[in-house]
Amino acid sequence: MIRVDLKPDLEKSLPKLGHSEFEFLFHHSLAGYWDWDVVSGETYMSPSFKAMFGYQPEELENHINTVFSLLLEEDHACANGAIGAHMESQGKIPYQEVLRFRHKDGSTVYVNCNGRVVSWSDEGKPLRMIGTHADITESKTNEQRAQMQARRSQTLFEELRKQKSKNVALEQFTAIASHDLKEPLRTMGSYASLLLSNADEANSTMSQERRLQSLKFIASASKRMTAMIDTLLDYSKIGKGSQKSEVNLNEIVQHVTHDLANQIQQAKAQVTCKELPTIQGYGVELGQLFQNLINNAIKYTDPSVPPVIEISCTTEENSVYQTFDVKDNGLGIPEDKMENVFELYSRAHIDHGFEGQGIGLARCKKIVELHDGKIEALPNPTGGSIFRFTILST
């Protein structure tokens, strides 16, 4: 006993229309149709169906295996899954998929496939399935071109944004550097003028001790200016000539703590690091980032309190960024210094007598931005600071 599942109007019209009539309709609608005997595998494929892939009617055997031989192998699972879902649901789940077929000339044809089981056995087994294929290659190609153009536009936009950001950073760099470099120059110029005005020892009121002191000030300012120039050169070279590669951040932190072993031991510091990811990044620069943050956490602390440094990473769902926290229990950052602490020569603890030129956190910011991320300083609720930064994981 066979159960036929057809709409009444279609059932009435079937005997009146043969393949030639159907072929005329589908030929003029730029579609092909097929009629599959699920039990035997025999499948009628209309001439327009075969022409869609560059074949004459007699060139292809009318069998379901022929259809799958034309289907790209990568799409077999998708096609089988869709047909299987349609049959297992007794037709409640429609069969409708966009699949890729191989044309006779080797090109790819995108096809919108629709079908329906129209005949079932008493046991609910599919016996006959019919359907249509419509060539949508042109619209798919246009869609891909549009997507490609959108990606190119987005890439160009990102490049322009980065260039604008670099120009702003360069302007800030130039302004800050020129301002701070003038300070040792002014010192040298002032004391040099003083020495010149007292060059005639016979008429000079300047003592020998004062002369030597002035020369020491000039030498100190010169040394300070040399150090500033060196750090500026190092800062300007961040990311230059480097290539992204796979970086295991657990290994990076291990190397950094090994290099800082003496400082860690002398300060009796405790450095803990939770599991960190492996990312695409600049290994040397990432090492400098963690070294600066750990070194600062050891340095800017109460000598009577052993430093405690915690490093962790979290990833939000559906985010391409990794978020890192470097927490410490140090002196923290004054609220009025939070906004500009990452600027060149900004020093949060200048009143505490700590040595430094105020370029470490500026270097950290540049490294993070090199990885398309952001960095900020936050107060640690238990005391100290949290340096939080994001890094693009791909």
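Residues numbered from 1 in each chain as written. Predicted model: local features only at pLDDT ≥ 70, side-chain atom pairs only at ≥ 80, totals over all residues. Heavy atoms only, no water.

Peer 1: Go over the overall build of the protein chain with me, naming the residues and quoting the values.
Peer 2: Of regular secondary structure, the protein chain possesses 11 helices and 13 strands. The proportion of buried residues among the 394 residues of the protein chain is 38%. Of the contacts made within the protein chain by residues no fewer than 6 positions apart, 60% connect residues no fewer than 24 positions apart. As displayed, the protein chain offers around 23900 Å² of accessible surface, 52% of which is attributable to carbon and sulfur atoms. (Helix = DSSP H or I, 4+ residues; strand = E, 2+ residues; numbered from the N terminus. Buried < 20%, exposed > 50% of the residue type's maximum accessible area, 1.4 Å probe, protein only. Contact = heavy atoms within 4.5 Å. Areas by Shrake-Rupley, 256 points an atom, 1.4 Å probe, with all protein chains shown as cover.)

Peer 1: Could you give an account of the pattern of salt bridges, naming the residues involved and the relevant values?
Peer 2: Scanning the model with the defined rule gives 5 salt bridges in all. Asp35 is the partner of Arg128 in a salt bridge, and the nearest nitrogen-oxygen pair spans 2.7 Å. You can see Arg128 sitting in strand β6 (residues 126-135) and its partner Asp35 sitting in strand β2 (residues 31-37), a full 93 residues away along the chain. (Salt bridge = Lys/Arg side-chain N within 4 Å of Asp/Glu carboxyl O.)

Peer 1: Outline the side chain of Thr43, supporting the account with residue identities and numerical values.
Peer 2: As for its position among the elements, Thr43 is in strand β3 (residues 43-45). Here Gly41 takes part through its backbone oxygen, which lies 3.0 Å from a polar atom of the side chain of Thr43. From its side chain, Thr43 meets the backbone nitrogen of Ile64 in a polar contact 3.2 Å long. Once residues within four sequence positions are removed from consideration, Thr43 is found in contact with Trp34, Asp35, Trp36, Asn62, His63 and Ile64. (Polar contact = N/O pair within 3.5 Å; in protein donor to acceptor, adjacent residues only side chain to side chain.)

Peer 1: How would you explain the confidence of the model for the protein chain if you had to name every residue and give the values?
Peer 2: Confidence in the prediction for the protein chain averages 81 pLDDT; 81% of positions are at 70 or higher. Here residues 1-17 scores under 50 on pLDDT; set against residues more than four positions off or in separate chains, the count is 26 contacts. (pLDDT = per-residue confidence, 0-100.)

Peer 1: Can you lay out the nonpolar core for me, pointing to particular residues and giving the numbers?
Peer 2: Membership of the largest hydrophobic core comes to 39 residues, with the highest contact counts inside it found for Leu249, Leu289, Phe290, Leu293, Phe324 and Phe389. Going through the elements one at a time, α8 (249-259), α10 (283-299), β10 (308-314), β11 (321-327), α11 (360-370), β12 (375-379) and β13 (385-392) are the ones with two or more residues in this core. The element best represented in this core is α10, accounting for 7 residues. Contacts of Phe389, omitting those with residues within four sequence positions, involve Leu289, Phe290, Leu293, Gln322, Thr323, Phe324, Val326, Val368, Lys374 and Ile375. Core analysis: the second largest hydrophobic core is formed by 26 residues, Met45, Ala79, Ala82 and Phe101 among them. (Core = buried A, V, L, I, M, F, W, Y, C linked by side-chain atoms within 4.5 Å.)

Peer 1: Can you explain the sheet that holds β11? Please cite residues and give values.
Peer 2: A sheet is described by the order of its strands in space; here 5 strands give the open sequence β8-β10-β11-β13-β12, paired in mixed fashion. Because the sheet does not close on itself, it has two edges, and the strands there are β8 (270-273) and β12. Strand-to-strand twist across the sheet, computed as the mean angle between neighbouring axes with direction ignored, equals 15 degrees. Taken together, the 7 bridges between β11 and β13 define a ladder with antiparallel strand orientation. Among the inter-strand pairings, Asp325 is bridged to a residue of β13, identified as Arg388. (Pairing = 2+ DSSP bridges. Axes fitted to C-alpha atoms, helices over the stretch in contact; angles between N-to-C directions.)

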